[in-house]
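Structural overview for review
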Amino acid sequence: MKYFVYCRKSSEAEDRQVLSIDSQEAELKRAFEGRPEVEVVEVLRESYSAKAPGRPIFNVMLERIERGEADGIITWHPDRLARNSVDGGKIIYLLDRRSLKDLKFSTFSFENNSQGKFMLSIIFGYSKYYVDNLSENVKRGNRAKVARGWRPNGAPIGYLNDPASRTIVKDPDRFALVRKLFDLALTGTYSLRDLMEHSRAWGLRTRQHKRIGGKYLTIGGIHRILHNSFYAGVLVWGGQIYPGAHARMITLDEHDRVRALLAKPGKPQSIRHSFPFTGLIRCGECGFMVTAEHKVNRHGRHYTYYHCSRRRLDYRCRQRSLSAAQLDQAFREFLATLRIPDPLHIWGIEQVAKARRAEQEVSAQQKASHQHAADEAGRALVNLTTLRIRDLIGDEEFTAQRAALQQEQARLQEALSNSDGKWFEPAKALISFSSRAAKWYTEGDDALKRRIISTVGSNPTLKGRILSIEAKKPFLCFSKSADRPTLRRGRDSNPWYSFPYAAFPRRCLRPLSHLSMHVRALSVYHTLSPSLSACQHCLFVFVHTYVYQLA
């Protein structure tokens, strides 16, 4: 029988008394090596806690067992497999289905019967109880340690955790330097950036641990130090305040003064404004981004203006500012050009629904055909395995045919998963969005306005207080902007075009669409049909009809 050897070790407190991964592997090798009934497929090693589901190697091992790559698992103890109810339930369920046939432990005897599974479930339940009970004990110990005035976790910079006495003592290398930071901050003349530069000049770094540490202090790190009440001899734990038993670095009065200096109540705080279109528009003269600012005139009226950021050093941009109301109106006019007529919108939705019903009928037939073929491939694979067990075919022939059948199964499964038409909702949303974008923009907030413009607009530029913006594909098909005559061909005796949507007419111009153009469009459509998806088919017909009705 084939087995996976699974060795797991967690670095957390629950596994302090557990053997290391190498020791587990050595014990399992000594116990099961040389047995003729045991064939080890692979040794799997994982350093991950089993308190919660989600171990990657463990989950892959169970998937491989379900695929038939192995029949059993060898591990040191049942708690190496599961310490939570989900993973324990998976093991019991695989044993019930006979996908997992046997479990072997060096410290526990197991038989795959009702009594063995009952005892295994008891062991899994006890493992979960051990973890839960350990968590409660740790929390209780932390509460008792805080009540005595000692911080349970790691000491901040300037202090050290003493493992001998389990207390917190002064760091001889950093205590005086951190105190100098407080002395400079108490003067009120040093900014956080100045304090950071002084700390780097002194060579003050965080303590080097196994994977982290040994770095200079950042501005945020210094801000946290100056706000930390631990340096004043006060512990804050669980939302409550406790007197600390460690040596304080500063007094409570000094701590309050530092916090007051950092807050600077006498200095007016800057007010941040939200501008919906900053970062979207470029200046048409210098190419830099357009920014916004809030102004108040002498009468107390508030205004918002958009203008070039003027950050180009080698060029002075002369573009004037544009009010937010004027820019908002320009975006509304742009969205109005994307609106399609209501009758055509209703017709397009009906066509999508009709295409969906037809596609569902074809899809159901294809799905039934693919399912029948997948079932046939599964039966063929079972028969092939039976022939190999009876030694009627050789290994090479069995391997080649099994690979072909498995590849065919994968292809059919992919076809089954992709058989449902998923293009109808995007096509419907595209048609509805083009019809209602202007209304949603008018009624929406700043975030929705920015999202709509980012979705449909491309390359917005501001020059001469005029907004220029292009519609993105596929919204370009619905646009009726003033730039559309540039796409119009000149007068020609031959009204045929390579594509029906190469020229879009305006109602005030002579019609560009001709009956021969409609016939030409159908021929082009059928020519492109093999290379177009179903969604592109629908949009192609919709856009062509849109052009034909506008003419």
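Here is a short report on the structure shown in this document. (Residues numbered from 1 in each chain as written. Predicted model: local features only at pLDDT ≥ 70, side-chain atom pairs only at ≥ 80, totals over all residues. Heavy atoms only, no water.)

Structurally, histidine 307 can be placed in strand β11 (residues 302-308). A residue is classified by how much of its surface remains accessible, and histidine 307, at 13% relative accessible area, is buried. Separated by 3.5 Å, the side chains of histidine 307 and arginine 310 make a polar contact. Those residues in contact with histidine 307 that sit more than four places away from it in its chain are Val290, Thr291, Glu293 and Ser321. (Helix = DSSP H or I, 4+ residues; strand = E, 2+ residues; numbered from the N terminus. Buried < 20%, exposed > 50% of the residue type's maximum accessible area, 1.4 Å probe, protein only. Polar contact = N/O pair within 3.5 Å; in protein donor to acceptor, adjacent residues only side chain to side chain. Contact = heavy atoms within 4.5 Å.)

One pass over the structure, following the stated rule, counts 11 aromatic pairs. Considering the side-chain rings of tyrosine 159 and phenylalanine 175, the 5.6 Å spacing of their centres and the 90° angle between planes classify their relative orientation as edge-to-face. One end of the pair, tyrosine 159, is in strand β5 (residues 159-162); the other, phenylalanine 175, is in helix α5 (residues 175-187), with 16 residues separating them in the sequence. By the burial criterion, tyrosine 159 is buried, and phenylalanine 175 matches it. One aromatic cluster is present, built from ring pairs that chain together Tyr159, Phe175, Phe182, Phe230 and Tyr231. Over the ring of phenylalanine 230 we find arginine 151, and its NZ or CZ is 5.4 Å from the ring centre. Between arginine 205 and the ring centre of tyrosine 216, over which it is positioned, the NZ or CZ distance is 4.0 Å. (Phe/Tyr/Trp six-rings, centres within 6.5 Å; stacked < 30°, edge-to-face > 60°. Lys NZ or Arg CZ within 6 Å of the ring centre and 35° of its normal.)

Below, the discussion takes up the nonpolar core. Grouped together as the largest cluster of nonpolar side chains are 26 residues, with contacts concentrated most on Val178, Phe182, Tyr231 and Met249. Those elements that provide at least two residues to this core are α5, α6 (192-202) and α7 (219-227). In terms of residue count, the dominant contributor to this core is α5 (8 residues). If near-sequence neighbours (up to four positions away) are discounted, methionine 249 is found in contact with Tyr159, Phe175, Val178, Arg179, Phe182 and Tyr231. (Core = buried A, V, L, I, M, F, W, Y, C linked by side-chain atoms within 4.5 Å.)

Relative to β11, strand β10 (residues 290-296) runs antiparallel, the two being bridged by 7 bridges. Directly across from histidine 294, in β11, lies its bridge partner threonine 304. Count of turn residues in the β10/β11 antiparallel hairpin: 5 residues, of which glycine 300 carries a positive phi of about 85°. Strand direction decides the pairing type here: β11 and strand β12 (residues 322-323), joined by 2 bridges, are antiparallel. Looking at β12, one finds that tyrosine 306 is bridged to leucine 322. (Pairing = 2+ DSSP bridges.)

Here 4 bridges tie β5 to strand β6 (residues 167-170), and the two strands are oriented antiparallel to one another. By the bridge assignment, leucine 160 is partnered in β6 with valine 169.

Okay, the pattern of salt bridges next. In total, this model carries 24 salt bridges according to the counting rule given. In this structure, arginine 64 engages glutamate 42 in a salt bridge whose closest nitrogen and oxygen atoms are separated by 2.8 Å. Taken together, the residues span a long stretch of sequence, with arginine 64 in helix α2 (residues 56-66) and glutamate 42 in strand β2 (residues 39-46) at a distance of 22 residues. Judged by its relative accessible area of 32%, glutamate 42 falls in the partly exposed class. Lysine 449 is the partner of aspartate 328 in a salt bridge, and the nearest nitrogen-oxygen pair spans 3.4 Å. (Salt bridge = Lys/Arg side-chain N within 4 Å of Asp/Glu carboxyl O.)

With that settled, the discussion passes to the packing of α6 against α7. Two elements in contact, α6 and α7, have axes separated by 9 Å at closest approach and are oriented at 100°. Classified by the angle between their axes, α6 and α7 sit roughly perpendicular to one another. Where α6 approaches α7, its residues Leu192, Arg193, Leu195, Met196 and Ser199 are matched on the opposing element by Ile219, Ile222, His223 and Leu226. Taken together, the residues that form the contact of α6 with α7 break down as 6 nonpolar, 2 polar and 1 charged. (Axes fitted to C-alpha atoms, helices over the stretch in contact; angles between N-to-C directions. Parallel < 35°, antiparallel > 145°, perpendicular 65-115°, else oblique. Nonpolar A, V, L, I, M, F, W, Y, C, P; charged D, E, K, R; others polar.)

Let's shift gears to the sheet that holds strand β9 (residues 282-283). Ordered in space as β9-β13-β14, the 3 strands form an open sheet in which the pairing is mixed. Looking at strand neighbours, the two that pair on one side only are β9 and β14 (466-471), the edges of this open sheet. The sheet contact formed by β9 and strand β13 (residues 457-463) spans 2 bridges and is parallel. Across the sheet, the residue bridging to arginine 282 is threonine 461, located in β13. Here helix α9 (residues 324-336) sits on the sheet and contacts β13 and β14; the angle it forms with β14, its principal contact strand, is near 30°. Each of β13 and β14 is contacted by helix α13 (residues 446-456), which is oriented at about 105° to β13, the strand it contacts most.

By definition, the strands of a sheet pair up through backbone hydrogen bonds, in either a parallel or an antiparallel sense. The antiparallel open sheet is built from 3 strands, whose spatial order is β10-β11-β12. The open sheet is flanked by β10 and β12, the only strands paired with a single partner.

Attention now moves to unusual backbone geometry. Although it is not a glycine, arginine 310 adopts a positive phi angle of roughly 55°. Residue class for arginine 310 comes out partly exposed when judged on its relative accessible area of 42%. One non-glycine residue with positive phi stands out, namely asparagine 459, at about 55°. In this fold, asparagine 459 is placed in strand β13.

Looking now at α2. The set of residues buried in α2 consists of Phe58, Met61, Leu62, Arg64 and Ile65. What you see down the axis of α2 is that its buried residues fit within an arc of 160°, all on one side. Looking at the buried positions of α2, the neighbouring elements they touch are β1 (2-8), β2, β3 (72-75) and α3 (85-97). Directly after α2, the chain includes glycine 68, whose backbone phi takes a positive value near 90°. (Arc of directions from axis to C-beta.)

Remember that the coordinates give geometry; whether it matters functionally is a separate question.
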